[in-house]
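Given next are the chains, with one letter for each unit.
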Amino acid sequence: MMSRLLPLLAFIALAALLFVGVRMNSGKDNSAIPSPLIGKPAPEFSLPVLNQENRIIKTSDLKGRPYLLNVWGSWCPACQIEHPVISELARSGKLKVVGYNYKDETDAANKWLQQFGNPYDLILFDDSGRVALDWGIYGAPETFLIDAKGIVRWKHVGPITPEIIEQEILPALESKQ
Amino acid sequence: MIPELGQISLILSLLIAFLLSCLPLWGAHRNNTVLMQTARPLAHAQLLFIVLAFVLLTYSFTVHDFSVAYVQRNSNTLLPFIYQISAVWGAHEGSLLLWIMILCIWTSAVAIFSRQLPDKVIARVLAVMGMIGVGFISFMLFTSDPFTRAFPVQSEGIDLNPLLQDPGLIFHPPLLYTGYVGFAVAFAFAIAALIDGKLDAQWIRWSRPWTNIAWAFLTLGIALGSFWAYYELGWGGWWFWDPVENSIFMPWLVGAALIHSQAVTEKRGSFKSWTLLLAIAAFSLSLLATFLVRSGVITSVHAFASDPARGIFILTFLVLVVGGSLVLFAFRAPGKEGGQAFKAYSRETLLLLNNLLLAAAALMILIGTLYPLFADALELGKISVGSPYFGFMFSLLMLPLVMLLPFGPITRWQSEQASKPIKLLLPWAILALGFGAISFFFWPGSTIKTIGGVIAAVWILCGTLVFVRSRFKSSGNGFTAEMIGMVSAHIGVGIFFFGVLMTESLSIEKDVAAKPGSSFSLRGYDFQFKGVEQIEGPNYMADQGTVVIRKGESIIATLYPEKRMYASGGNSMTEAAIDSGITRDLYVALGEPLDNEGSWALRLYVKPFIRFIWLGALLMAIGGFIISFDKRFKKRHANEANP
């Protein structure tokens, strides 16, 4: 009898998990998890540049021009989805786009860039994910907008779409300048 | 007026489905023949009204009735006629209607092709299918009505998602749905048997052809989807272990296990409870797939519009159906396994291993697919489980499956001396290993996967032919449809793995910056880029590149890869150009313009043997269809059937 109940018990656990999943998705838009960083200075960090391990970039090095910090990894399918959109934005020259390669391996990352193109001004390399904790990065893709003074203005979880650029990123950029 | 008629049809079909789920069941309980006999006409009436609704929705598309919100969102006046039809199932509401229509077709088909079944069985089976109908029709009416009017009425529609404007997408969803909704039949038979409490081999013989047909359709649907991804997405890949793909692959794996365990239960009486559980699991996973895709719980490349209210509705339905079935299973499944005893080495044992490996693969995929959600729920962070995990685990589980596959058919039921099949197969195993070793030196760039692919193909092909030969030699019994189907499907498995492993290990790709006139060499093929021209399609503008491919002096192919911008806006779409062949595909995708002098980024691939992947799937599907025509399934009693 006990063994006949096992499938049922396993299913109850699964259903509970799915229920939590649906609840998490409802009410809040998954892409709009507020970041406590918004309105505050970007966290202090120093990270190497992908493929140039001796070149260290600090928060202060990026000040002076607004930039979009786009978190990606070669392991992340959704990053492929947004990639043409990010590329388009970078090409338009409206905004400097900084890549943030998250929990990735150099070879895999390079292969990915070779395959899909490299739209980034520069790519920070955070293989351990240590600095990502300070940014409050959950996963990839995530995207931050940082203004010329180094203040975080906006954050998005999930793939960027052309609508998001038109309706959120560009207005946020203009209103702060 | 037309949309309102559609809505009324839906409401009527809901009422009929409700009657179908109660009356025959009550009749079977009460032994009331009249009530039981309502099942068939009710099943047909349900189908009639759903088809009517479907036709009316299609009509609204063809006359561009943009007062219907669904039509307005998924069509426009420029859309070619054929895509006006396929747009009916191009988004959530319509694809749900297609889902339901296919369920009703299956229900009616069971009503028609089951003349030999006792009234009681058919009444219960159709009633269970009616219950599923009630769930889905009310889901559609309450959360996703395709006939809702839009105010104010727009004069032009948005567009069908350009990704879906492709011949492959006309057939992909119907085939897929026919497949996994078809598991509802095996499920309904299992539930009917549990309600009845009488679990003889009979009900399994009746449900076997249905399972095989459903599985064959599912195989075709998945293969077509994979083929479409290959030539439409421009990534050159054919499978991505994406959550939506995974969710449809799980019922396929469990369905494959079910096909085999049903055969054991029918012929030997063993594994009764296990077969019941698999029948429940196959359909439950189909429902889970519908849930995962429609609720947006898991983000995916397939990015369907999702809505939490819909998620809760399907989840509730899922809990009722699956929970209810498992409760029934817990209390009604046979206490002790009947059937004839079997020894440690016998066909039963081999089929049990097959089942465990396939079920483990499905479970592995379930865990990998839901783990990100689990981690998120426990606030372990957002995690994405990628193809390295799935690829590695899947290979690990499929390796013993491939090794054992040829043993199954030539091993006797009940008990067999292991030495006999080993003696039969040993020469072929050595041959396979020999070919593997040769191939390593034959193909430049070979890896362990290349060797594996060759060994798997030779091993399965020869091993299966050993069965064919021994069948010829012994007794001249001839071949039943069941055996022919099995041989076809097993050879398909060999060809499939061959295609996968060869493509994975031998494909090469090159990203190049191409000036007009420049040439690039890739594995002996010379790709010459001629330039890009603007062309105009019915509802898009495209940049069309011309690439001439030569081998030595002779021209092999001229390819025209495109990048399309649809009139309705949105992202540009890649149309890769492919010169296909049995031993290799040459694949060119157009990237981005690089300067003002006509230079473009191009991606070039040579993909050896990639067609074998879909050829293998096709053979598996054909096998499934052939099996369902076996004469034994037409007979009412076991003693009339072949041994």
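Residues numbered from 1 in each chain as written. Chains lettered and ligands numbered in written order. Predicted model: local features only at pLDDT ≥ 70, side-chain atom pairs only at ≥ 80, totals over all residues.

A.B. asks: Lay out the overall build of chain A in plain terms, naming residues and giving numbers.
C.D. replies: Looking only at helices and strands, one finds 5 helices and 7 strands in chain A. In chain A, the order of α-helices and β-strands from amino to carboxyl end is α-β-β-β-α-β-α-β-α-β-β-α. Looking at chain A residue by residue over its 177 residues, the buried ones come to 34%. In chain A, once contacts between residues fewer than 6 apart in sequence are set aside, the share between residues at least 24 apart is 74%. (Helix = DSSP H or I, 4+ residues; strand = E, 2+ residues; numbered from the N terminus. Buried ≥ 20, exposed ≤ 12 C-beta atoms within 10 Å, placed from the backbone. Contact = placed C-beta atoms within 7 Å.)

A.B. asks: Explain the overall build of chain B to me, using residue names and the numbers behind them.
C.D. replies: Looking only at helices and strands, chain B features 19 helices and 10 strands. Relative to its length of 643 residues, chain B is compact, with a C-alpha radius of gyration of 26 Å against a globular reference of 26 Å. Overall, the C-alpha framework of chain B stretches about 80 × 75 × 50 Å when taken along its three principal axes. Expressed as a percentage of its 643 residues, the buried residues of chain B come to 52%. Considering only intrachain contacts with a sequence separation of at least 6, the fraction spanning at least 24 residues in chain B is 75%. (Rg over C-alpha atoms; globule rule 2.2 N^0.38 Å.)

A.B. asks: Residue-level account of helix α13 (residues 347–377) of chain B, with values.
C.D. replies: Residues and elements named next belong to chain B. Over its 31 residues, α13 extends 44 Å from the first C-alpha to the last, a length consistent with the 45 Å expected when each residue adds 1.5 Å. Roughly 45 degrees is the biggest bend found in α13, and it falls at Leu 370, with proline Pro 372 one to four residues downstream. Glu 379 sits one or two positions beyond α13 and adopts a positive phi of about 55 degrees. (Expected span 1.5 Å × (residues − 1). Bend = angle between axes of the 7 residues up to and from the residue.)

A.B. asks: Before we move on, can you summarise the domain arrangement of chain B with the specific residues and values?
C.D. replies: Split into domains, chain B comes out as domain 1 (1–165), domain 2 (405–507 + 612–616) and domain 3 (508–609). The C-alpha centroid of domain 2 of chain B is placed 44 Å from the C-alpha centroid of domain 1 of chain B. (Domains from an automatic or database assignment.)

A.B. asks: Before we move on, could you go through the environment of Val 110 of chain B and cite the residues and values that matter?
C.D. replies: Residues and elements named next belong to chain B. Within the secondary structure, Val 110 sits in helix α6 (residues 92–112). Taking C-alpha positions, Val 110 is 56 Å from Pro 593, a pair spaced 483 residues apart along the chain. Not counting residues within four places of it along the chain, the set of residues in contact with Val 110 comprises Val 125, Leu 126, Met 129 and Val 185.

A.B. asks: If you had to explain the packing of helix α10 (residues 243–268) of chain B against α13 of chain B to someone new, which residues and values would you point to?
C.D. replies: Residue and element names in this part refer to chain B. α13 packs onto α10 with a crossing angle of 160 degrees between their chain directions and a minimal axis gap of 9 Å. Judged by the angle between their axes, α10 and α13 are roughly antiparallel. In this structure, α10 crosses over α13, and the sense of that crossing is left-handed. (Axes fitted to C-alpha atoms, helices over the stretch in contact; angles between N-to-C directions. Parallel < 35°, antiparallel > 145°, perpendicular 65-115°, else oblique. Left-handed = near helix turned anticlockwise from the far one by under 90°.)

A.B. asks: Explain the nonpolar core to me, using residue names and the numbers behind them.
C.D. replies: Counting 203 residues, the largest nonpolar core has Ile 100, Leu 126, Ala 184 and Val 254 of chain B as the members making the most contacts within it. Not counting the four nearest positions on each side in its chain, Val 254 of chain B is found in contact with Leu 278, Ala 281, Ala 282, Leu 285, Leu 358, Ala 359 and Ala 362 of chain B. (Core = buried A, V, L, I, M, F, W, Y, C linked by C-beta atoms within 7 Å.)

A.B. asks: Describe in detail the sheet that holds strand β10 (residues 600–608) of chain B, supporting the description with residues and values.
C.D. replies: Residues and elements named next belong to chain B. Pairing is antiparallel in the open sheet, where 4 strands are placed in the order β1-β10-β9-β8. Taken across any chain shown, the strands that pair with only one partner, and hence form the sheet edges, are β1 (508–514) and β8 (577–579). Here the average twist between neighbouring strands, direction ignored, is 20 degrees. Direction of pairing for strand β9 (residues 584–593) relative to β10: antiparallel, over a ladder of 8 bridges. Within β10, the residue paired with Leu 586 across the bridge is Val 606. (Pairing = 2+ DSSP bridges.)

A.B. asks: Explain unusual backbone geometry residue by residue, including any values.
C.D. replies: Residues and elements named next belong to chain B. Residue Asn 31 is not a glycine yet carries a positive backbone phi of 60 degrees. Following the sequence through the fold, Asn 31 ends up in the loop between α1 (2–30) and α2 (33–36). On the basis of neighbour counts, which here come to 10 C-beta atoms within 10 Å, the residue Asn 31 falls in the exposed class. Its identity as a non-glycine residue notwithstanding, Phe 271 has a phi of 60 degrees, on the positive side. Assignment of secondary structure puts Phe 271 in the loop between α10 and α11 (272–295). According to the C-beta neighbour criterion, Phe 271 is buried, with 23 such atoms within 10 Å.

A.B. asks: Give a description of the pairing of strand β2 (residues 519–522) of chain B that names residues and reports values.
C.D. replies: Residues and elements named next belong to chain B. The pairing of β2 with strand β3 (residues 525–536) spans 4 bridges and is antiparallel. Following the sheet pairing, Leu 522 is matched in β3 by Tyr 525. The antiparallel pairing of β2 with β3 creates a hairpin that spans 2 residues between the two strands, and Arg 523 there sits at a positive phi of about 45 degrees.

A.B. asks: Please provide a residue-by-residue account of the pairing of strand β2 (residues 52–58) of chain A, values included.
C.D. replies: All names here are of chain A. With respect to burial, β2 is a largely exposed element, only 0 of its 7 residues being buried. When strand β1 (residues 46–49) meets β2, the two strands line up antiparallel, connected through 4 bridges. Of the residues in β2, the one forming a bridge with Ser 46 is Lys 58.

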